[in-house]
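So the chains spell out like this:
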Amino acid sequence: MKITLDNTAIDLTPTGKSYRATMGDKTVDVEILGTQDGKLDLLIDGERITAYVSSENAKRWVTIHGRTVLLTKRSGSRKSGQGPHHAAGELAAPMPGQVRAVNVSEGDTVTKGQTLMVLEAMKMEIRIQSPSDGTVNKLFVKQGQTVEREQMLIEIVDRLES
Amino acid sequence: MFKKILIANRGEIAIRIMRACRELGIRAVAVYSDADKHSAHAQFADEAIHIGPASPKESYLNADVLIRAAITSQADAIHPGYGFLSENASFAAAVDSAKLTFIGPSADSIRAMGDKAESKIAMKKAGVPTVPGKEGLESFAEFEKAANEIGYPILVKASAGGGGKGMRIVWDANDLPEEIDSARREALHAFGDERLLIEKYIADAHHIEFQVFGDKHGHLVHLFERECSVQRRHQKIIEETPSPLLTPKLRKQMGEAAVKAAKAVNYYNAGTIEFIFNPSDSSFYFLEMNTRLQVEHPVTELTTGLDLVQWQIRVAAGEHFPYQQGQLTQRGHAIECRIYAEDPANGFLPSTGVLLQYIEPRGPGIRVDSGFRAGDTVTHFYDPMLAKLIVYAENRGTAIQKMQAALRDFVVHGVVTNIDFLQDVLAHENFKDGKVSTRWVEMNMESGGSSRSQGVLPKERQQAVGFHTLIAAALADFTIANRKSEIINEHDPYSPWKNPNGFRN
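Residues numbered from 1 in each chain as written. Chains lettered and ligands numbered in written order. Predicted model: local features only at pLDDT ≥ 70, side-chain atom pairs only at ≥ 80, totals over all residues.

1. Description of the packing of helix α1 (residues 11–23) of chain B against helix α11 (residues 308–316) of chain B
Residues and elements named next belong to chain B.
Part 1 of the reasoning: Interaxial distance between α1 and α11 falls to 9 Å at its minimum, and their mutual angle equals 65°. Crossing angle aside, the handedness with which α1 passes α11 is right-handed. Each of R16, I17, A20 and E23 in α1 lies in contact with α11, whose residues at this interface are V309, Q310 and I313.
Part 2 of the reasoning: Of the residues in the contact of α1 with α11, the class split is 4 nonpolar, 1 polar and 2 charged. (Axes fitted to C-alpha atoms, helices over the stretch in contact; angles between N-to-C directions. Helix = DSSP H or I, 4+ residues; strand = E, 2+ residues; numbered from the N terminus. Left-handed = near helix turned anticlockwise from the far one by under 90°. Contact = placed C-beta atoms within 7 Å. Nonpolar A, V, L, I, M, F, W, Y, C, P; charged D, E, K, R; others polar.)

2. Thoughts on unusual backbone geometry
All names here are of chain B.
Part 1 of the reasoning: Cis geometry marks the peptide bond from Y152 to P153, where omega comes out at 0°.
Part 2 of the reasoning: Following the sequence through the fold, P153 ends up in the loop between α7 (140–150) and β7 (154–158).
Part 3 of the reasoning: Looking along the chain, the bond that leaves T241 and enters P242 is cis, with omega of -5°.
Part 4 of the reasoning: Among the secondary structure elements, P242 is positioned in the loop between β12 (235–241) and α9 (248–264).
Part 5 of the reasoning: Not every positive phi belongs to a glycine, and K99 is a case in point at roughly 65°.
Part 6 of the reasoning: When you line up the elements, K99 lands in the loop between α4 (89–97) and β5 (101–102).
Part 7 of the reasoning: Phi at F224 takes a positive value of approximately 70°, unusual for a residue other than glycine.
Part 8 of the reasoning: Following the sequence through the fold, F224 ends up in strand β11 (residues 220–232).

3. Quick word on the sheet that holds strand β9 (residues 90–92) of chain A
All names here are of chain A.
Part 1 of the reasoning: Read from one edge to the other, the open sheet built from 4 strands follows the order β9-β16-β14-β11, with strand pairing classed as antiparallel. Two strands bound the open sheet, and with one partner strand each, they are β9 and β11 (109–110).
Part 2 of the reasoning: Pairing of strand β14 (residues 134–139) with strand β16 (residues 152–158), which is carried by 5 bridges, proceeds in the antiparallel orientation. Paired with V136 across the strands is I156, a residue of β16. (Pairing = 2+ DSSP bridges.)

4. Some details on the confidence of the model for chain A
Part 1 of the reasoning: Averaged over all residues, the pLDDT of chain A is 82; the fraction at 70 or higher stands at 85%.
Part 2 of the reasoning: The low-confidence segment residues 77–87 of chain A, where pLDDT is below 50, has 8 contacts with residues more than four positions distant or belonging to other chains. (pLDDT = per-residue confidence, 0-100.)

5. Structural notes on the sheet that holds strand β8 (residues 67–74) of chain A
Residue and element names in this part refer to chain A.
Part 1 of the reasoning: An order of β1-β2-β3-β4-β5-β6-β7-β8 is seen for the 8 strands of this closed barrel, with the pairing classed as antiparallel. Averaged over all adjacent pairs, the angle separating strand axes in this sheet is 35°, with direction ignored.
Part 2 of the reasoning: In this sheet, strand β4 (residues 26–36) lies alongside strand β3 (residues 19–23) in antiparallel orientation, the contact comprising 5 bridges. Following the sheet pairing, T22 is matched in β4 by T27.

6. Thoughts on the nonpolar core
Part 1 of the reasoning: One finds I5(B), L6(B), I7(B), A30(B), I78(B) and F275(B) to be the most contacted residues of the largest nonpolar core, which totals 94 residues.
Part 2 of the reasoning: For this core, the element with the most residues is α1(B), which contributes 7 residues.
Part 3 of the reasoning: Core analysis: the second largest hydrophobic core is formed by 65 residues, I49(A), A51(A), V299(B) and I471(B) among them. (Core = buried A, V, L, I, M, F, W, Y, C linked by C-beta atoms within 7 Å. Buried ≥ 20, exposed ≤ 12 C-beta atoms within 10 Å, placed from the backbone.)

Below you can see the structure in the form of structure tokens.
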């Protein structure tokens, strides 16, 4: 998985129980020891690092060792050529995991950024948020269900269309 | 003793006062504006009363509404905190007229110290040193003569002035005519009043203030000094006590002058005498008196062992302040850092937003006075101070170390803060040497974080931190929804999803 933050591209490859992170000519092993509400306990190349990370649209606030950095995620050059396509309001699981909570029902009105459901994966909570104001047209999963990557979770219809 | 106190303020100071009320068994009434309905201070109180729109003028500065709220809630007294109406003599008088107790000095004391020119005259009369200067000058010859008597550099100031308008530093007699003309023009333009006064200019001045405390029975003492020279835009950001510049002898002299100054206006309750201190010859001059509780009162509390807010309430209720000057001592060293939502790299402009994360440091000797929680919104309506971080340790060196460690554990996301900037100041040699004057930030750190990279972290370490930061941000990105991840690990033999047992253990 490649992510570009500010002007630096970083590549994360799962290697079993940990990840290989590559940035330029540097490569390190990263293990997630624990996560909790925006706090990541990491083992990076044998060094224990606690990072606090918050997301706000494309902004990423990261604090390590008391220094806070504000990064901007670039919605990069990658084209969705590979992988299944979904309609604009269809949300798919970003990675395999388990549905921990479903906060909405079919027919509910939702607002942009509202947390629709929570997945748990790799000891992390993934909040599935509504991309726009709209209505829940279809729920494809139930609480407790295990989902695969790219599996459809929920369909949101924009308010204008409904 | 009072049964119920209305706190005519908001944020951290309102909570600080409510804690004292609670400890004394007094009910605390909060007031809140539209913008503060969900604020921590309104939630912390025993009761909360809505007082109007977000704009301070229509809420926290609205004396009538505040007094009415106190009467409606059947409070016996009003604590004004700092800022807002705390130094407004008419408000103090109006509180008295409403048969409520104003927790602070008398309206007369506030009035006497409120006018800068008049208070200076009163201080001179009381024998308190004031900055050498001359007022009521007209012809250029008079200015020239006075400037020569005082000695250069001198400061030319608008009599009606404030905010640096019509203010000029004159280093040399040759520049005097031109600077007077231009200061006059500026003063006339800004205040409609071209009168100027001149004062001795103290180039590397420190700001050293003395806490005074008195009861309503004529007993008044000082509670030692606070060094508040680390300032940006004339606002304090780091305060400490004891001052690294004072000797026991100087401390005694200044303390006595502070007591004299306060007694000259029949002062009672908590107050602060601010001095300009010239480190080159250890001379000190009365600058002004703050007739209220100060933001930085915690450093005095930690080193004297007194709870100033509790005592404010007790003496307002008529109790005697029981300690004589000789019984009071300073112990250890305390430093306060003001955590502001502001961007040092961008002229210290306030930063607003939602606090995505807000984690305060903890540990022995660490105190945090704050009015925010995670999820709160920092608005542009009010002061951008998020919290005060105060540490207490045996001596100055260990206190600095403790502050550095505590700042490292302070996490704020969602608004830009001055935390990194404070770290840079604390790590600076000048600060360690106690050589920071009131203009130091302006002269040394003006571009905010520009000096950050030097000497704080070695280059290699910085790069490592950069890489770690990127890794953390990328990993956490999984938690952002609606993004089609390109991660492929279905065939991961170690996948926790393939483990039927509780993988989280």
